[in-house]
Amino acid sequence: MKAPAPAHRLRNTAVTIALLVAVAAVVLGVWRPWAPLAPAAPVGAASASDGTDAVVIAPAPLILPEHPRILVFGDSWTYGAAATEPTLGYAYVLAELLGGETIVDGVRGSGYLKPGLDGPAFGERIAALDPAADPDLVIIQGSINDRAQGAAGYREAVTAAWDALAALYPEATIVVLGPAPHELPVGAATARIDTDLGALADARGWWYISPIAQDWINAQNYLDVIDVDFGRKHPSTGGHRYLAEKVAAALTELREAPVTEAGESETTSEQ
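Here goes a summary of the coordinates provided. Remember, it's a predicted structure, so these values are computed and weren't measured experimentally. (Residues numbered from 1 in each chain as written. Predicted model: local features only at pLDDT ≥ 70, side-chain atom pairs only at ≥ 80, totals over all residues. Heavy atoms only, no water.)

Below, the discussion takes up the nonpolar core. Counting 30 residues, the largest nonpolar core has Y90 and L251 as its most contacted members. Taken together, the elements giving at least two residues each to this core come down to strand 1 (69-74), helix 3 (90-98), strand 3 (137-141), strand 4 (173-177), strand 5 (207-209), helix 7 (222-225) and helix 8 (237-255). Here this core takes seven residues from helix 8, the largest share from any one element. Counting 25 residues, the second largest nonpolar core, distinct from the first, contains A161, W162, L197 and Y208. (Core = buried A, V, L, I, M, F, W, Y, C linked by side-chain atoms within 4.5 Å. Buried < 20%, exposed > 50% of the residue type's maximum accessible area, 1.4 Å probe, protein only. Helix = DSSP H or I, 4+ residues; strand = E, 2+ residues; numbered from the N terminus.)

Right, here's the structure in full:
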């Protein structure tokens, strides 16, 4: 039979065990191996469409020279479809309203995923833009044309196109003009595109103008803005001028957006 251990040895053992338990509790409390690790979001990425909060970077107020040079890039609405002359489309009229110059690049039927009637999808078209154009502002518009393409790969295509656009014109301010409804009520696919583009713009600190959220086209003015017959649900000549006025007013609001002490705009990205 072994002799009983001295009392001081028992006390030392008890203290050692207590310290080990305490250290283990701290490590487990911090590490928690059974808990899922939070994924690291890439810079400029918006949250997935799983209900999680999106990353939002407050845009700065829009600063333009007195006579701005503006590249308007988009689909058939930017092309000027259904106006009596394409040059009466909103993108051309915008130059008059802003006292500047617009470079218009619109391809009918095109989107971020869908090739157009007269050219490829947005990404390939951006790669073909003139790097010497040197715009003060780029407005990238639309597009409802991707609504039949589905959500798979959509955000990735938008991100790639916007990365290329920002790299091509690093000194320009980029404003995203979301899709406008060609018919009412607004379809689920069009609403999804509007939501995706808004989230991706927020994640970059880019201004996003949403004609859907701002109710530019509604039951009261629909037939005044949209030519449902000859124009195949594109804006009429008067509708294009109306859209140009709305875009010009939205840009004016962005130019007048107040700045907080931290340098962040107090205006939301959908104004």
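After that view, the rundown keeps rolling.
Enumeration according to the criterion identifies five aromatic pairs in this entry. For the ring pair Y112 and W162, a centre distance of 6.4 Å and an interplane angle of 75° mean the geometry is edge-to-face. Of the two residues, Y112 sits in the loop between strand 2 (101-106) and helix 4 (122-127) while W162 sits in helix 5 (residues 154-168), which places them 50 residues apart along the sequence. By relative accessible area, Y112 is classed as buried at 5%. Since its relative accessible area comes to 0%, W162 is described here as buried. Each ring, one from W162 and one from W206, has its centre 5.2 Å from the other, and the planes form 40°; the classification is tilted. One end of the pair, W162, is in helix 5; the other, W206, is in the loop between helix 6 (188-204) and strand 5, and 44 residues separate them in sequence. Aromatic rings pair up to connect F73, Y112, F122, Y154, W162 and W206 into one cluster. Sitting over the ring of Y154, R192 keeps its end group 5.0 Å from the ring centre. (Phe/Tyr/Trp six-rings, centres within 6.5 Å; stacked < 30°, edge-to-face > 60°. Lys NZ or Arg CZ within 6 Å of the ring centre and 35° of its normal.)

Glancing now at the pairing of strand 1. Among the six residues in strand 1, five count as buried, and that is most of the element. Bridging between strand 1 and strand 2 involves six bridges; their strand directions are parallel. Paired with L71 across the strands is I103, a residue of strand 2. Examined bridge by bridge, strand 1 and strand 3 share four bridges and lie parallel to one another. Bridge assignment links I70 to a residue of strand 3, and that residue is L137. (Pairing = 2+ DSSP bridges.)

Moving on: helix 6. Turn by turn, an α-helix covers 3.6 residues, leaving residues three or four places apart pointing in a common direction. Along its 17 residues, helix 6 runs 25 Å from first to last C-alpha, staying within 8% of the 24 Å computed at 1.5 Å per residue. Listed as buried for helix 6 are T190, I193, D194, D196, L197, G198, A199, L200, A201, D202, A203 and R204. The elements touched by buried residues of helix 6 are helix 5, strand 4 and strand 5. Following helix 6 by one or two positions, G205 adopts a phi angle in the positive range, close to 75°. (Expected span 1.5 Å × (residues − 1). Contact = heavy atoms within 4.5 Å.)

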